[in-house]
Amino acid sequence: MKNLFTKSTLFLAAGIVFAVLTPLFGISQIVSAPGGGLWTNGSTWVGGIVPGAADNVVISSTVYANGNVCNNLQVNAGAVLQNYNAYTYNLTVNGDLINYGTISNNSSYSLNLYVRKNITNTGTISNYLVGITGVQNQFISSIQAIGVNIFQRSAAAGRLIATSNLSFNNTNIDFGND
């Protein structure tokens, strides 16, 4: 009798099971819908799922933060991340921030952005505060000038390491002991 379960069949079956189960147990990626909107509104996100602290977020439209947390954050070219109007809000990125678009304040209120890992910037960062809060070495690179009011490192451990020449416009810089 011929064996129906060859090694390649078993590997294919294992791959299919892994592909199906990974989104259920792993970190998911949530992408903003073309119309954008308020971070906590399901219609702002493809699939209607509001990102949480363990989710990787990709912003491809205009999204208004209102006191949120995510894992990694990527702002695509042409996309905008701002605070929701009429208030100052914090956004905490537990992982890496990659910015190709625009991160800025909305009207006369502020967006405070706290990043626990690395920052890569080729876009515009002009919100009120960028706080570097990780407890390990963190790396930053930017080919554009960073124009936030306050750029600070407040972690007690690790170092902030520039991997490119950095330029700041009208920014109060506090690197702590770095």
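Residues numbered from 1 in each chain as written. Predicted model: local features only at pLDDT ≥ 70, side-chain atom pairs only at ≥ 80, totals over all residues. Heavy atoms only, no water.

Undergrad: Would you mind going over the sheet that holds strand E1 (residues 29-31) with me for this structure?
TA: Sheets are built from strands that pair by backbone hydrogen bonding, the pairs being arranged parallel or antiparallel. Taken in spatial order, the seven strands make up an open sheet running E1-E3-E6-E9-E12-E15-E17, and their pairing is parallel. Edge positions in the open sheet fall to E1 and strand E17 (160-162), since each of these has one partner strand only. With strand direction ignored, the average angle separating the axes of adjacent strands in the sheet is 10°. Judged from the three bridges that link them, strand E15 (residues 138-142) and E17 form a sheet pairing that is parallel. Each bridged residue has a counterpart across the sheet, and for phenylalanine 139 the counterpart in E17 is isoleucine 161. (Pairing = 2+ DSSP bridges. Helix = DSSP H or I, 4+ residues; strand = E, 2+ residues; numbered from the N terminus. Axes fitted to C-alpha atoms, helices over the stretch in contact; angles between N-to-C directions.)

Undergrad: Looking at this model, I keep getting lost on the packing of aromatic side chains. Mind explaining?
TA: Here the distance between the centres and the angle between the planes together describe a pair of aromatic rings. Applying the stated criterion across every chain yields a total of four aromatic pairs. Between tryptophan 39 and tryptophan 45, the aromatic rings sit 5.3 Å apart at their centres with planes inclined by 70°, giving edge-to-face as the arrangement. Look at tryptophan 45 and you get buried, because its relative accessible area is 2%. (Phe/Tyr/Trp six-rings, centres within 6.5 Å; stacked < 30°, edge-to-face > 60°. Buried < 20%, exposed > 50% of the residue type's maximum accessible area, 1.4 Å probe, protein only.)

Undergrad: For this particular structure, what's the right way to read the sheet that holds strand E11 (residues 111-115)?
TA: With respect to topology, six strands assemble into an open sheet ordered E5-E8-E11-E14-E16-E18, the strand pairing being parallel. Edge positions in the sheet fall to strand E5 (68-70) and strand E18 (172-174), since each has one partner strand and no second. On average, each strand axis in the sheet is tilted by 10° relative to the strand beside it, whichever way the strands run. In this sheet, E18 lies alongside strand E16 (residues 150-153) in parallel orientation, the contact comprising three bridges. Pairing of glutamine 152 across the sheet is with aspartate 174, part of E18.

Undergrad: Is there a simple way to explain the environment of serine 108 in this structure?
TA: Tracing the backbone shows serine 108 in the loop between strand E10 (102-104) and E11. Accessibility expressed as a relative area gives 66% for serine 108, which makes it exposed. Residues serine 108 and threonine 88, 20 residues apart in the sequence, show an inter-C-alpha distance of 8.9 Å.

Remember, this is a structural readout, not a statement about activity or role.
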